[in-house]
Amino acid sequence: MELTNEIKGKIIEGIKADRPNYTSNAKHATALGISAPVYTSLMQGKTDKQLSEASWYSVARRLGLSLRPEQEWHAVETATYEYLSKMLTACQEQSITGLVCDVPNIGKTFTARLYAKRHPHVAYIDCSQCKTKRQFIKTIAREIGLSTKGKYQDMYDDLVYNLRVMDRPLVILDEAGDLQNEAFIELKALFNATEYACGWFMMGADGLRAKIKRSIDCEKVGWAEILSRYGNKFNRVTPDNEKERLAFELEQAIQVASVNAPEWVDYKQLARKAGGLRRVYTEIMKERRYGRPESN
């Protein structure tokens, strides 16, 4: 895709819209992976020779922007969206913890990303991309706008300090089951250091629940304490009964398809064919790009 001035303008609009989520321009620039002078120039509308093409797209990725018209997506307040949004709000406002372990493909990640985008002082962390202890701490630090250079202990101490002085921060840990053991133990230390000052929300699929239970059964150090700090309860939004769960998933798929499918598509049929939200997205993207009927 060609990097046009129109696309650059859209990215700058995204930067400006995201700015209120950070306490300073410097922290916002750090979170976006650009220097403070370049950030200032972009905010002033100067785009020529400020960033490489790869850097422009990197900023767009960090902001979660859809740069093609056919990729635009409208959020739908499904049961999953409402359930998780209430839990995330409670965790942030009260600086407490939350834990959700549920089946994949029901909108957990979409909801968490959207919540982080719409609320200040929220760091969304995809743990599948930062599995080790150092990567994990570095990613959280970067997401709240801190420098990740220097010694690990200094970075950790700066992270703890900032989480304690920020106004009701929240860290969302998605795909938490992918974290290595040492990263989980560091998570316990982070909670201890920021208790009642920072909200923590952990979520994943059924594999996360299995991993926690297995680690506790094997008496691995720290795991029982981790579960205790997250309420000793594996919350879920989907029904336990398989038939009811399938009906629940289909209803959500129909809701999302009704809002996002092109007008020439039978959205209910598309949802039934897809069978889940991720496939609904794929099918709608295919229809938007290739399925428009030819006009006479």
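Everything numeric here is computed off the predicted structure, so don't read it as measured data.

A.B. asks: Explanation requested: the nonpolar core in the structure shown.
C.D. replies: The nonpolar side chains of a soluble globular protein tend to be buried with one another. F136, L173, L190, W200 and M202 are the most contacted members of the largest nonpolar core, which totals 38 residues. The greatest single-element share of this core, amounting to 6 residues, is contributed by helix α8 (residues 152–165). For L190, the residues in contact, after removing those within four places along its chain, are F136, I137, I140, Y156, L159, V160 and W200. Grouped together as the second largest cluster of nonpolar side chains are 17 residues, L3, I11, I12 and V59 included.

A.B. asks: Explain the pattern of salt bridges here, please?
C.D. replies: Side-chain pairs of opposite charge can arise where the charged atoms are in close proximity. Applying the stated criterion across every chain, the model contains 10 salt bridges. Ionic pairing is found between E249 and R245, a salt bridge with its closest N-O pair at 2.9 Å. Taken together, the positions of E249 and R245, both in helix α12 (residues 242–260) and 4 residues apart, correspond to about one turn of that helix. Just as E249 is buried, R245 falls in that class too. With a closest N to O distance of 3.5 Å, E283 and K286 form a salt bridge. Of the two residues, E283 and K286 both sit in helix α14 (residues 277–290), 3 residues apart, roughly one turn of that helix. The exposure class of E283 is buried, given its relative accessible area of 8%. Through salt bridges that share partners, K273, R279, E283 and K286 make up one connected network.

A.B. asks: So what exactly am I meant to see when it comes to the side chain of T139 here?
C.D. replies: With respect to the helices and strands, T139 occurs in helix α7 (residues 133–143). Taking relative accessible area as the criterion, T139 reaches 12% and is therefore assigned buried. When sequence neighbours within four positions are dropped, the list of residues in contact with T139 reads I125 and C130.

A.B. asks: I'm lost on the sheet that holds strand β1 (residues 97–101) in this one. Help?
C.D. replies: In a beta sheet, neighbouring strands pair by backbone hydrogen bonds and run either parallel or antiparallel. Here 4 strands make up an open sheet; going across it, the order is β1-β4-β3-β2 and the pairing parallel. Where the open sheet ends on each side, the last strands, each with one partner, are β1 and β2 (122–126). Here the strands of the sheet are splayed against their neighbours by 10 degrees on average, with no regard to which way each runs. With 4 bridges connecting them, strand β3 (residues 170–174) and strand β4 (residues 199–204) associate as parallel partners. Looking at β4, one finds that I172 is bridged to F201. Packing of helix α5 (residues 79–94) onto the sheet brings it into contact with β1, β2, β3 and β4, and relative to β1 it is tilted by some 155 degrees.

A.B. asks: Just checking my understanding: could you explain the pairing of β4 for this structure?
C.D. replies: A regular strand carries its side chains on alternate faces of the sheet. Buried residues dominate β4, accounting for 6 of its 6 residues. Residue alternation in β4 divides its side chains into two sets, G199, F201 and M203 and W200, M202 and G204, and both sets are buried. Bridging between β1 and β4 involves 5 bridges; their strand directions are parallel. Bridging from a neighbouring strand, L99 pairs with M202 of β4. One crossover worth recording links β3 to the parallel β4 by way of helix α9 (residues 181–194), and it is right-handed.

A.B. asks: What should I look at first to understand unusual backbone geometry in this one?
C.D. replies: When glycine is set aside, most residues are seen to have a negative phi, and most peptide bonds are trans. The phi torsion at E175 lies on the positive side, around 55 degrees, for a residue other than glycine. With respect to the secondary-structure elements, E175 resides in the loop between β3 and α9. Looking at E175, the relative accessible area reads 35%, which means it is partly exposed. A positive phi is found at Y196, a non-glycine position, where the angle reads about 65 degrees. You can see Y196 is positioned in the loop between α9 and β4.

A.B. asks: Sorry if this is basic, but what is going on with the packing of aromatic side chains here?
C.D. replies: Two measures describe an aromatic ring pair: the distance that separates the ring centres and the angle between the ring planes. Scanning all chains against the criterion turns up 3 aromatic pairs. Relative to W223, the ring of F184 lies with its centre 4.4 Å away and its plane at 40 degrees, an arrangement referred to as tilted. Taken as a pair, F184 in helix α9 and W223 in helix α11 (residues 223–229) lie far apart in primary sequence, 39 residues in all. The same class applies to F184 and to W223, which are both buried.

A.B. asks: Would you explain the side chain of D174 in this entry?
C.D. replies: Position of D174 relative to the elements: it lies in strand β3. Buried within the structure, D174 lacks any salt-bridge partner; its nearest side chain of opposite charge belongs to R113, at an N-O separation of 5.8 Å. Of note is the side chain of D174, whose polar atom sits 2.6 Å from the side chain of Y124. The residues touching D174, leaving out its near neighbours within four places in the chain, are T109, Y124, I125, D126, C127, S128 and M203.

A.B. asks: So what exactly am I meant to see when it comes to the state of the cysteines here?
C.D. replies: Chemically, a disulfide is nothing more than a covalent bond linking the sulfur atoms of two cysteines. Enumeration over the complete set of coordinates arrives at 0 disulfides. We note that C198 lacks a disulfide partner, and the nearest cysteine sulfur, in C91, lies 10 Å from it. Judged by its relative accessible area of 2%, C198 falls in the buried class.

Thresholds, definitions, all that
Residues numbered from 1 in each chain as written. Predicted model: local features only at pLDDT ≥ 70, side-chain atom pairs only at ≥ 80, totals over all residues. Heavy atoms only, no water. Core = buried A, V, L, I, M, F, W, Y, C linked by side-chain atoms within 4.5 Å. Buried < 20%, exposed > 50% of the residue type's maximum accessible area, 1.4 Å probe, protein only. Helix = DSSP H or I, 4+ residues; strand = E, 2+ residues; numbered from the N terminus. Contact = heavy atoms within 4.5 Å. Salt bridge = Lys/Arg side-chain N within 4 Å of Asp/Glu carboxyl O. Pairing = 2+ DSSP bridges. Axes fitted to C-alpha atoms, helices over the stretch in contact; angles between N-to-C directions. Right-handed = clockwise from strand over helix to strand, strands pointing away. Phe/Tyr/Trp six-rings, centres within 6.5 Å; stacked < 30°, edge-to-face > 60°. Lys, Arg positive; Asp, Glu negative; His and termini not counted. Polar contact = N/O pair within 3.5 Å; in protein donor to acceptor, adjacent residues only side chain to side chain. Disulfide = S-S within 2.5 Å.

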